[in-house]
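The chain contents come next:
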Amino acid sequence: MPPESIVLVGLSGSGKSTVGPLVARLLGWDFIDTDQLIEAAAERTIPELFAEEGEARFREREQAALREAVGRRRAVVSTGGGAPTTPGGRAELAHGFTVWLVVSPARAAARLAENPGTPGRPLLAGDPQARLESLLDARRRWYELADAAVDVDYLSPEQAAEEIVRLWAESRGHTPRYGHENIEYGSWHVAATVQTPGAAYPIVVQPGVLDQLGGVCREAGLSGRAFVVSDTGVAPLFAHRAMAALASADFEAARFTIPAGEEQKNLGTVATVYDWLLGQRVERSDFVVCVGGGVVTDLAGFVAATTLRGIDFVHVPTTLLGMVDASVGGKTGVDHPMGKNLIGAFAQPRAVVIDPEVLKTLPERQRRAGWAEVVKHGLILDPVLVDDLERGAGDPLAMLSPALIGRSVAIKAEVVSEDEREAGRRTLLNYGHTIGHAIEAVTGYSTYLHGEAVAVGMHAAGLISVAMGLLSSDGLARQQRLITGYGLPDRAPGLDVDAVLAATASDKKVRAGRIKWVLLEEIGRATTRNDVPEEIVREAVATVLR
Ligand SMILES: NC(=O)c1ccc[n+]([C@@H]2O[C@H](COP(=O)([O-])OP(=O)(O)OC[C@H]3O[C@@H](n4cnc5c(N)ncnc54)[C@H](O)[C@@H]3O)[C@@H](O)[C@H]2O)c1
Ligand SMILES: [Zn+2]
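The rules behind the values
Residues numbered from 1 in each chain as written. Chains lettered and ligands numbered in written order. Predicted model: local features only at pLDDT ≥ 70, side-chain atom pairs only at ≥ 80, totals over all residues. Helix = DSSP H or I, 4+ residues; strand = E, 2+ residues; numbered from the N terminus. Rg over C-alpha atoms; globule rule 2.2 N^0.38 Å. Buried ≥ 20, exposed ≤ 12 C-beta atoms within 10 Å, placed from the backbone. Contact = placed C-beta atoms within 7 Å. Axes fitted to C-alpha atoms, helices over the stretch in contact; angles between N-to-C directions. Parallel < 35°, antiparallel > 145°, perpendicular 65-115°, else oblique. Left-handed = near helix turned anticlockwise from the far one by under 90°. Pairing = 2+ DSSP bridges. Expected span 1.5 Å × (residues − 1). Core = buried A, V, L, I, M, F, W, Y, C linked by C-beta atoms within 7 Å. Right-handed = clockwise from strand over helix to strand, strands pointing away. Arc of directions from axis to C-beta. Near = placed C-beta within 6 Å. Nonpolar A, V, L, I, M, F, W, Y, C, P; charged D, E, K, R; others polar. Domains from an automatic or database assignment.

Bringing the overall build of the protein into the picture now. A tally of regular secondary structure across the protein gives 20 helices and 17 strands. Computed over C-alpha atoms, the radius of gyration of the protein comes to 25 Å, within 12% of the 24 Å expected from 2.2 N^0.38 for 546 residues, which places it in the range of a compact globule. Across the 546 residues that make up the protein, the buried fraction comes to 51%. For the protein, restricting intrachain contacts to residue pairs at least 6 apart in sequence, the fraction spanning at least 24 positions comes to 76%.

This is how it looks when you write it as structure tokens:
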């Protein structure tokens, strides 16, 4: 069965709202314009929404409208030009048969000018053709993911509609490309791309890719010698494979092993790696390959960022936490006796290479702890990931699915891309972490793994969200089922409430005495609040410590 909705994507001026009704008429289906849905739901025009709430909030409204429209059967949906630019938007598009109406910016600008009745388009202020050109540059990679494309420059709306129906009828058995984000990168499967002002790099998620590491490094433009760093837990399992893969792409490679464990993530260990690299006469064109969990990627990434004032590095995370969290976003560093992660640098890798197969040897408890961050990504930003997680709960091999890891990685990649240094949306990634960090601190980082503490912290944050009138109790129950379904704790019994509250107040995310709480408005949508009354926090903490 072909999907029972057809979704048109493309620039403003490509004719989506003209062609869409014609397609609907040919098939006897309904036509839905998501921009109209958004305006009707908000009782405001799109320019007003942009001006009052900003683009990010608009995209959330758009995602909700897409869910409603694309989820209907027998519907032709016209979308806003930016709909495929967010992971949430793409996730919704994956439910339909998507067609990109390809138009040249000149043609689109001419059509918009001919049609003075069109509603204001906030992103096209100034010179529309120049704006359309830059929008096309930025969005082309997302439009290209559509299941089909129709070049509409020289077609009448009727011809375009017939072509769309023909392509849809041909699409039997197709798998949607949105939501799978197969961007070509050599022949590797790229789950996401991180783009910061200073860097752009792919995150490859592909079973077996460890053995093609050398090829990925070549594709990333690396050419010097490769210095592989791993730890005593990982080296016996994977270092030889990484070395062989580098050698087969003609890299000269050497390796170094640090002792495993968080207590080794310090400047003393960093010094041993500096000594090794400098002893090997490392040069600016060489690069470090960090093969291991978050300890290795944090530490060896920091070594690379500071050796010779910064050489390139590639992350090959081998824990679930490392894959979906530590290796994405450019934070590197080590612990100090005064606290965790106090010494470090922002530095972006040249590529992140994720082979889910390596998780087979990861101890069960480490795996479960990694799920906490995946669950968090869904809860704060991606209701579709939550649905997928609910389906996978209880399956011990669910994490071998490149789709779940890819999706989770894509969320973190998108948030850090727009917000490299944690000013705005990146804060949402701290969901569950304020109380989670406090629990870790109070227990001396020995009783709970980070992910376990975060799971308890998420439950506490969920309770606060309900007490603040944001989240429904059904929503909280759903979150709780998800947490426990992945074998994670929702309580940390026996700890002292006052001690945890005191540790909460000294978490580094506190500004001017007020804690900025990340809370849920609903499953898949987070917000921040700095006006949570102390009694509500105390009550939530007491509940999870009971
Ligand atoms: N930079 C960031 O943004 C960021 C984000 C989150 C966490 N972190 C950091 O990550 C660290 C925690 O990372 P972690 O949870 O990956 O712990 P870890 O690196 O200590 O790895 C856990 C253990 O598993 C072993 N191991 C790793 N991969 C394995 C595999 N495939 N099979 C068998 N054993 C394997 C390791 O040798 C280690 O003993 C913390 O230091 C934390 O601060 C950083
Ligand atoms: Zn975390």
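Moving on, we get to the packing of helix α13 (residues 364-381) against helix α17 (residues 450-467). At their nearest, the axes of α13 and α17 sit 7 Å apart, and the two run at 40 degrees to each other. Considering the angle they form, α13 stands oblique to α17. Both α13 and α17 take part in a crossing whose hand is left-handed. Contacts from R368, A369, G370, W371, A372, E373, K376 and L379 of α13 reach α17 at H450, G451, E452, V454, A455 and M458.

Our focus in this paragraph is the sheet that holds strand β3 (residues 75-78). In space, the 5 strands of this open sheet follow the order β2-β3-β1-β4-β5, with parallel pairing throughout. Looking at the sheet topology across the chains shown, the edges are occupied by β2 (30-33) and β5 (148-151). Strand-to-strand twist of the sheet, defined as the mean angle between neighbouring strand axes without regard to direction, takes the value 25 degrees. Bridge analysis of strand β1 (residues 5-9) against strand β4 (residues 97-102) gives 4 bridges, and the strand direction is parallel.

Once that is clear, we can look at α17. Over its 18 residues, α17 extends 25 Å from the first C-alpha to the last, a length consistent with the 26 Å expected when each residue adds 1.5 Å. Among the 18 residues in α17, 17 count as buried, and that is most of the element. G469 sits one or two residues past α17 and shows a positive phi near 80 degrees.

Counting residues in hydrophobic clusters, the biggest one holds 168 residues, and the most contacted among them are I203, A242, V288, V289 and V409. Per element, the largest residue contribution to this core is 10 residues, and it comes from α17. Residue contacts for V409: discarding those within four places in its chain leaves A191, A192, I203, V205, M323, V324 and V328.

Turning our attention to the pairing of strand β17 (residues 525-529). Along a regular strand, successive side chains alternate from one face of the sheet to the other. Where strand β16 (residues 517-522) and β17 come together, 5 bridges link them in antiparallel fashion. Paired with V518 across the bridge in β17 is T528. From the end of β16 to the start of β17, which pair antiparallel, there are 2 residues, and G524 there has a positive phi angle of about 100 degrees.

Further remarks concern the pairing of strand β10 (residues 253-258). With 6 bridges joining them, strand β9 (residues 226-231) and β10 adopt parallel strand pairing. Bridge pairing links V228 to R255 in β10. Once the chain exits β9 it traverses helix α9 (residues 235-248) before rejoining the sheet at β10, and the crossover so formed is right-handed.

Before going further, it helps to spend a moment on the packing of helix α1 (residues 16-27) against helix α7 (residues 157-170). Contact geometry for α1 and α7: axes closest at 9 Å, N-to-C directions at 55 degrees. The angle between α1 and α7 places the two elements in the oblique class. In terms of crossing hand, the pair formed by α1 and α7 is right-handed. Residue-level inspection shows T18, V19, L22, V23, L26 and L27 of α1 in contact with α7, the latter providing P157, E158, A160, A161, I164 and V165.

The subject of this paragraph is helix α2 (residues 34-42). Every buried residue belonging to α2 is among T34, D35 and I38, and all of these are buried. All buried residues of α2 project into a common sector of 105 degrees when viewed along the axis, lining one side. In this structure, the buried residues of α2 make contact with β2, α3 (46-70) and β3. Trailing α2 by a residue or two, E43 shows a phi angle of about 55 degrees, which is positive.

Neighbouring ligand 1 are 27 residues; G233, G293, G294, V295 and T319 lie closest to it. When contributions to the shell around ligand 1 are tallied by element, the ones reaching two or more residues are α11 (294-306) and α12 (320-326). Considering only residue class, the shell around ligand 1 consists of 10 nonpolar, 11 polar and 6 charged.

You can read the domains of the protein as domain 1 (5-170), domain 2 (183-362) and domain 3 (375-545). Relative to domain 2, the C-alpha centre of domain 1 lies at a distance of 40 Å.

Bringing unusual backbone geometry into the picture now. In this structure, D250 is a non-glycine residue whose phi angle is positive, near 65 degrees. Relative to the elements of secondary structure, D250 occurs in the loop between α9 and β10. In this structure D250 comes out as exposed when scored by C-beta crowding, with 9 C-beta atoms within 10 Å. The backbone phi angle of N341 is positive, close to 55 degrees, even though this residue is not glycine. Along the chain, the position of N341 falls in strand β14 (residues 339-346).

This part is about the environment of W517. Of note, W517 is situated in strand β16. Among the residues examined, W517 registers 24 C-beta atoms within 10 Å and is labelled buried. Those residues in contact with W517 that sit more than four places away from it in its chain are T434, A461, I464, T528, R529 and V532.

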